[in-house]
Each structure stands twice: as C-alpha cells, then as structure tokens.
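Here's the letter readout for the chains.
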Amino acid sequence: MYIAQAYKFLHDWWRYFVVGLLVVFTATQVGTLPLIAAIMIKVFGEGGDMTALSDTAIMLSILESNLTFFLMLLSFAVGLLSLYFVVKYIHKQPWLTLTTSRKKTDWGRVWFGFSLIAGFTIISTLIDYNASPENYVFQFDLVPFLILAVIGIVMVPLQTSFEEYFFRGYFMQGIGVLSGNRWLPLLITSFLFGIMHIANPEVEKIGYIIMVYYIGTGLFLGIITLMDEGLELALGFHAGNNLVGALLVTADWTVFQTHSIFKDVAEPTVGFMAIVPVFILYPILIFIMAKKYKWTNWNEKLFGKVQRPLPVSEEVNNSSLV
C-alpha cells in the first residue's frame, strides 16, 4: 500500500529519474557551497594551498568542529527542501503520502524507532567504556557541547529525514511503481544508500568492507519501511542513530568530528563496525518491531507485486458484490 500510493499521482519515469533527480542533486550541491567557501577562506587566509582539500579527513578538520558540523548538515536541509518542492510541484503528491500509508503520521512510531536505537547506543557505549576505559577519552566541555546539542537537535533530523525521504520514500515509491514489485526498490535503494557513503573517512580507514554496514543499514531501513507501510520507524531510527552518535562518541576517523562526550581512540575493527550491527543487532531490532506492531505477510510485503489501486468507482462496485 505504501509504494502503491504513488500511482495516484504523477509518476512518469522522467519525473523521478530526470527532473526530480536533477533538481535534488543540484540543490544538495548548492548546499555544500557554504562549507567549501568557508574552508577555502580559512585555508587561503592562513597562507595554505588547495592540496589540503584532497584528503577528506584533513578538509573536515580545518574549521572549528561545530561550524563544520552545521555546514555539512546544511546541504541535507537544502536537499530536503528541494525534495519537498519536487514532490509537491513535479508529482503533485501530498507529503503525507510520501511519509506513510496511514491517514496521518504516527509520531509514536517515530519516537519508538528513535528511542530503540538511542537506548541501545547509550547502554552499549557505557558498558564498553566501563569494560575498556583505555579506549576512550572523556572530553566533555560544557559550552561547545551545548552548541553541538542545539545544532544536532535542529539539523540532524533534517539530514536523516532527507536521506529517508529520498531513498526509502521517493526512490522506493518511484522504482516500485515503475517495476511493479517490492524487492527491486528494496535492493536498489539499499545499494544506492550504501554507495552514497563511499567517500566517508570510515571507508578509507577500515576499507571497503565497511560498505557491508552501509548497504546493510539501507536494507534494514528498507525492510522496516515496507513491513510497516511507512517511513516513521526509519525516520526515528536514523535520527536517533546519528544524533546520539554525534553527541556521545567521536573519533579521528569518522565523518562527524564533534565536541562529543567521549572520543574513541581505539583502532576500529571490521567485526564491531560492520558484522555485529548488520547480522546481529538489526535482526534483533526487526524482531522487536515485528512483535510490537504485529507484522504479518512478510513474503508479500517484501517480495510481492505492487498493485495499482482501483479507481473509486471500481472500489464501490466491488464492495457491493461482497
């Protein structure tokens, strides 16, 4: 039902893969200009040269971390605004139908997804800190942390919402109505979501094996979107994961360098970064969500066909035959 809602609005292939993609891509690139301009001003002002910008990790360390954090997230906010424009004016589609198949957004689901991953992240980090304190540096500094918290609370949900609406919403519906099935948009959007992160410093540090985590996370978010017939759980989970991560722990090799409470100084391992989340944590979370929301008909929701909704007149005629 969630994917099939797109049938009710303008869903020509070119609206998704020519106009929509072009508008969103252009907007997000424009959104990165303030960050690039600020870095260039800083570099040239201190007599540096552009060679420093060839290394992503070095580039992201040039500005004060809170400013970098804000400017990085700004591009996603611009992207979200552009996507709203595309959905409303190019597809003539209400935003609610890109969010959920329900009559209104279920904020309880959003908060459940947020709380589930936030609680796990906090508890697991504190357990690991107590078990291996040598792997962490306590770097809490009240004023920078409060500034970080304000930026994070405002901007991180915009960043994660853009990614969810773009991949699990816009592309999931677009590929679904064009292909007529559910498994193809699930696989394609998961792969594209992973590829989007390929330039992250984590990839350079750990290797391409970390793509298992990014693609696996996309697959997890896609599964809960299809099973729950809406984006609410994915929106909450993604926001909770990124916000708590930014506030709680940073590391020299992560994309977000923040004034977090802790700094992880241990060498990252493939098992902890990729294998544990995808093959252990995510199945547990899916099980919890499935029990809470009583998910059924898994085969049809994940691999079935996307049925075009009947016209209202046909629905009335069919209902009269029951």
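Structure shown above.
Residues numbered from 1 in each chain as written. Predicted model: local features only at pLDDT ≥ 70, side-chain atom pairs only at ≥ 80, totals over all residues. Heavy atoms only, no water.

Chemist: Could you give me a rundown of helix α1 (residues 13–45), with the residues and numbers involved?
Modeler: If you check α1, its first and last C-alpha atoms are 47 Å apart, about what 33 residues at 1.5 Å a residue would give, namely 48 Å. The largest bend in α1 comes to about 35 degrees, at Gly20. Every buried residue of α1 is listed here: Arg15, Tyr16, Gly20, Val24, Ala27, Thr28, Gly31, Leu35, Ile39 and Val43. (Helix = DSSP H or I, 4+ residues; strand = E, 2+ residues; numbered from the N terminus. Expected span 1.5 Å × (residues − 1). Bend = angle between axes of the 7 residues up to and from the residue. Buried < 20%, exposed > 50% of the residue type's maximum accessible area, 1.4 Å probe, protein only.)

Chemist: Pulling in residues and values, what's your account of the pattern of salt bridges?
Modeler: Applying the stated rule across the entire model yields nine salt bridges. The salt bridge involving Arg109 is made with Asp106; its shortest N-O contact spans 2.7 Å. For Arg109, a relative accessible area of 13% translates into the label buried. Residue Asp106 is classed as partly exposed on the basis of its relative accessible area of 25%. By sharing partners, the salt bridges in this structure join Arg102, Asp106, Arg109, Asp228 and Glu232 into a single network. (Salt bridge = Lys/Arg side-chain N within 4 Å of Asp/Glu carboxyl O.)

Chemist: Explain the layout of surface pockets to me, using residue names and the numbers behind them.
Modeler: Empty space among the atoms can be located by rolling a probe the size of a water molecule over them. The space that makes up the second largest pocket amounts to roughly 390 Å³. Trp107, Val110, Pro157, Ser161 and Ala239 are the residues nearest the centre of the second largest pocket, which is lined by 18 residues in total. Elements represented by at least two residues in the lining of the second largest pocket include exactly α4 (95–99), α5 (107–131), α6 (142–179) and α10 (232–248). The biggest single contributor to the lining of the second largest pocket is α6, with six residues. Considering only residue class, the lining of the second largest pocket consists of 13 nonpolar, five polar and no charged. (1 Å grid on protein atoms, 1.4 Å probe; cavity = no way out; pocket = protein on both sides within 12 Å on 5 of 7 lines; lining within 4 Å. Points joined across faces, edges and corners; volume = space filled by probe spheres on them. Nonpolar A, V, L, I, M, F, W, Y, C, P; charged D, E, K, R; others polar.)

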